[in-house]
Amino acid sequence: MTTLDFKGRAAKALHDPQLTGALARAKGHFALGRAAAKARTPDFEMLRDRATAIRRRSIALMPDLLERFEARATAAGATVHWAADAADARAIATGICKAHGATRAIKSKSMATEEIELNAHLLSHGITPVETDLGEYIIQLRGETPSHIIAPAVHLTKDQVAETFRAAHTDLDPARDISERQALVKEARVKLREAFLAADVGITGANILVAETGTIVLVSNEGNIDLTASAPRLHIAIAGIEKVVESWDDAGIVLRVLARSATGQDMSSYVTVLTGPAQGDEVGPRTSHIILLDNGRSTLAAGNKAEMLACIRCGACLNHCPVYTAVGGHAYGGPYSGPMGAVLTPAIDGLTKDTANLPNASSFCGRCEAVCPVRIPLPMLLRHWREDAYAAGLPTRGERWGLGIWRALSTRPWAYRLTQWSAARGLRFVSWWQGGRIKRLPFAGRGFTATRDIAPPAAKSFQAQWRGRR
Amino acid sequence: MSARDLILGRLRATQHRLPDPVAPYRPEAPADLGAALAARARAVFATAEEITSLDDLPAAVARYLGPDITTLAVAAELRHLAWSAAGLTPAAPPGRAAMAASVAPVVGAIAETGTLILTSRDPHGPWPNLLADRHIAVVPRGLISATLEEAVARLAGNRLPRSLHLATGPSRTGDIEQTLELGAHGAVAVHLVLTP
Ligand code: SF4
């Protein structure tokens, strides 16, 4: 998709003032929302504990629960498909559309369909997909990928959205006023209403699969999922196999922590609960297909990163990550970003020179794990990927060389102290030379100063102070 | 080997530690479910009122809509009420089409979150909330559940409807500059009318 690797993309992002501004605004918005929800929910930590156990149990029982889900969904009249990888899932989805003569598709936001790059595939088979989540619609018109798992257009300003709408909605009066957000929302509402009512097929993801009743549960705030799943005559849901839980009691708890962690709401504005196709004189599609997507998940389940499958895609780890909130989602080079993306992307795309970089995009501050509603030990999983990358020989010669020096120093205290002492003196000199702040460093230090200044080191090192205090 | 066998086989190849079953969440139900529902709904940008007799519905709706809207979609179950006496013209729900305002009874509601429940089994489907600009929901007090779990159990019976639409407050979006705007795709405004 892009020729730059993570470092290149991140560097580019850091030099984009409009993007860094948007990210700073979003970070405050989401973090405050979650904090407020936590504060007004006395049971929040208890709910997190239960959600954590529920998701771990679901992983342990996944094959049984999937079979139960399949049996119940089939009994309710749905057709369940299994897709080993992205190509499988795409072929199944287009096959269903073709079998039903469906050429106009509406879609609700689905990270699974982003993951399998469904839209391009549909287009190449003569099926036109229209994204209906406002953020997804905007980035679809712009030909971009989502930069946040729950706020795909987080990187854009309203002026950019207005520009996009003017370019796309050429049938509307060019002199209309769409300078305000409300006008933009209204224009999209009218445009997408037409698409909803004209579509042959609605394609959604799934937030939860409830094994007990063979039910798909989806959440949205706009109501677009309800329309996508109910207006056309055909419904296709694409769900990662890890979404399954045992019961409605489990689903209820997951929904409670999901809404609070994602947007700071007690309940998402719309929760859509789908069981089989419409029967008798029920309203809704007469045909319902569910595609269960593996695409690396069963391999993930077998290794030391299985806990990642507990993820409920709330986005809290992105919103609280100092790296994500500085570089944004596009730097991660895939639909998933932030700490969860850094763990998931190598599992889905395989460990390559580029994806092996992602687990390095962390300061290991641990905030992601602290806010994760299902307590996934993200820093530990990132470390596992680093170990795997090292074992696979992926770090460059330079990186290995650097690690070798580090090991030599850290196992020889005298050498460590000597190096530290001389480096601190050197840096203090540079800072004095550059006027009190370190603005530019040569060689390997260039990366540190490319986008920020550094304060000079303290006169006495931590170790020296520690020795002095004891 | 089929994809199904491949996936299930891979999953079964690993034994995971199995945590104990998790206790269901059963928060204490408020004494007055109707009052709790209204309070929670108001907290998410809906409005709510209570009437003591269904006969008062047309007048309540007219008051809520104000003078600008006089024609609205009225669910079949409510069509017999004295709408013209309240200055309103009731129309049959248009099915899958836009409407300025729609009044219909809901089959359930959730007090914990201020949520309304529409289903594929309703004669008018979910459209009063999804395609009307203003959704006026008639909520019989006896149909309010304390929690989501209770509501689903109540509606499941032999088989869950094809779709349940749990709507909490008006449709909203924060997708442009993370600023809240109401009325993205579903109802722009939601008004609850509690009835006996
Ligand atoms: S890893 Fe945790 S915090 Fe991050 S998206 Fe998944 S559930 Fe949310």
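Throughout this description, residue numbers start from 1 for each chain and increase along the sequence as written. Labels follow written order: the first chain is A, the first ligand is 1, and so on. Owing to the predicted nature of the model, reporting of local features is limited to residues with pLDDT of at least 70; listing and counting of side-chain atom pairs is limited to 80 or more, with chain, interface and lining totals taken over all residues. To obtain the side-chain values, all non-hydrogen atoms of the structure were used and water was disregarded.

What follows concerns the sheet that holds strand β5 (residues 208-210) of chain A. Pairing between strands requires that DSSP locate at least two bridges from one strand to the other. Where helices and strands are cited, they refer to DSSP runs of H or I of at least four residues and of E of at least two residues respectively, numbered from the N terminus. What the 8 strands build is an open sheet, ordered β8(A)-β5(A)-β6(A)-β9(A)-β9(B)-β6(B)-β5(B)-β8(B); its pairing is mixed. Looking at which strands have only one partner, the edges of the open sheet turn out to be β8 (244-245) of chain A together with β8 (144-145) of chain B. Inspection of the sheet shows strand β6 (residues 115-119) of chain B paired to strand β9 (residues 163-168) of chain B by 5 bridges, in the antiparallel sense. What sits directly across from leucine 116 of chain B, in β9 of chain B, is alanine 167 of chain B.

With that out of the way, let us pick up the sheet that holds strand β4 (residues 201-204) of chain A. Residue and element names in this part refer to chain A. The 6 strands lie next to each other as β1-β10-β7-β4-β2-β3, forming an open sheet whose pairing is parallel. Both outer strands of the open sheet, β1 (79-83) and β3 (128-131), are each paired with one neighbouring strand and no more. If you compare each strand with its neighbour and ignore which way they point, the axes differ by 20° on average. For β1 and strand β10 (residues 287-293), the ladder comprises 5 bridges, and the chain directions are parallel. Looking across to β10, one finds that histidine 81 is bridged to isoleucine 291. Orientation is described by axes fitted as lines to C-alpha atoms, over the contacting stretch for helices, and by angles from 0 to 180 degrees between their N-to-C directions.

This part is about the pattern of salt bridges. Should their charged atoms come close, side chains of opposite charge can pair. For this analysis, a salt bridge means a side-chain nitrogen from Lys or Arg found within 4 Å of a carboxyl oxygen belonging to Asp or Glu. Under the counting rule described, the total for this entry stands at 37 salt bridges over all chains. Aspartate 354 of chain A is paired through a salt bridge with arginine 9 of chain A; the nearest N and O atoms lie 3.4 Å apart. In this pair, aspartate 354 of chain A is assigned in the loop between α16 (338-349) and α17 (367-371) and arginine 9 of chain A in helix α1 (residues 6-14), connecting sequence segments 345 residues apart. On the basis of relative accessibility, which here comes to 27%, the residue aspartate 354 of chain A falls in the partly exposed class. With a closest N to O distance of 2.8 Å, glutamate 112 of chain B and arginine 256 of chain A form a salt bridge. Relative accessibility under 20% of the residue-type maximum defines a buried residue, over 50% an exposed one, and the middle range a partly exposed one, all with a 1.4 Å probe and only protein chains included.

Moving on: the interface of chain A and chain B. What makes two residues a contact is simply this: any of their non-hydrogen atoms within 4.5 Å. Chain A puts 92 residues into the contact, and the matching count from chain B is 68 residues. Applying the counting rule to chain A against chain B returns 13 salt bridges. A salt bridge links arginine 10 of chain B to aspartate 294 of chain A; the nearest nitrogen and oxygen atoms lie 3.3 Å apart. For the purposes of these results, a polar contact is taken to be a pair of N or O atoms within 3.5 Å, where, inside protein, one atom must be able to donate a hydrogen and its partner to accept one; residues adjacent in sequence count only when each atom of the pair is a side-chain atom. Counting every contact that joins chain A to chain B gives 48 residue pairs in polar contact (both at pLDDT 80 or more). Ten residues, namely Ala, Val, Leu, Ile, Met, Phe, Trp, Tyr, Cys and Pro, are considered nonpolar, four, namely Asp, Glu, Lys and Arg, are considered charged, and the remaining ones, Gly among them, are considered polar. Looking at side-chain class alone, the side of chain A that touches chain B contains 49 nonpolar, 22 polar and 21 charged residues. The pairing of strand β9 (residues 270-274) of chain A with β9 of chain B spans 5 bridges and is antiparallel. Within the sheet, the bridge partner assigned to threonine 272 of chain A lies in β9 of chain B and is histidine 165 of chain B.

This part takes up the site of the ligand. Any residue with at least one heavy atom within 4 Å of a molecule or strand is counted as near it. Close to the ligand lie 13 residues; Cys311, Cys314, Gly315, Cys317 and Cys372 of chain A are nearest. Tallied by class, the residues present in the shell around the ligand amount to 11 nonpolar, 1 polar and 1 charged.

It is worth spelling out helix α2 (residues 17-39) of chain A at this point. Residues and elements named next belong to chain A. Each helix should span, by expectation, one fewer than its residue count multiplied by 1.5 Å. For α2, which comprises 23 residues, the first-to-last C-alpha distance of 33 Å matches the rise-based estimate of 33 Å (1.5 Å per residue) to within 8%. For α2, the full list of buried residues reads Leu19, Ala22, Leu23, Ala26, Phe30, Gly33, Arg34 and Ala37. Here the buried face of α2 lies against α1, α3 (44-60), α12 (248-263), α14 (316-319), α15 (324-327) and α17. Capping the start of α2, aspartate 16 holds a side-chain oxygen 3.2 Å from the backbone nitrogen of glutamine 18, two or three residues further along.

Such coordinate-based values are descriptive only and should not be taken to indicate function.
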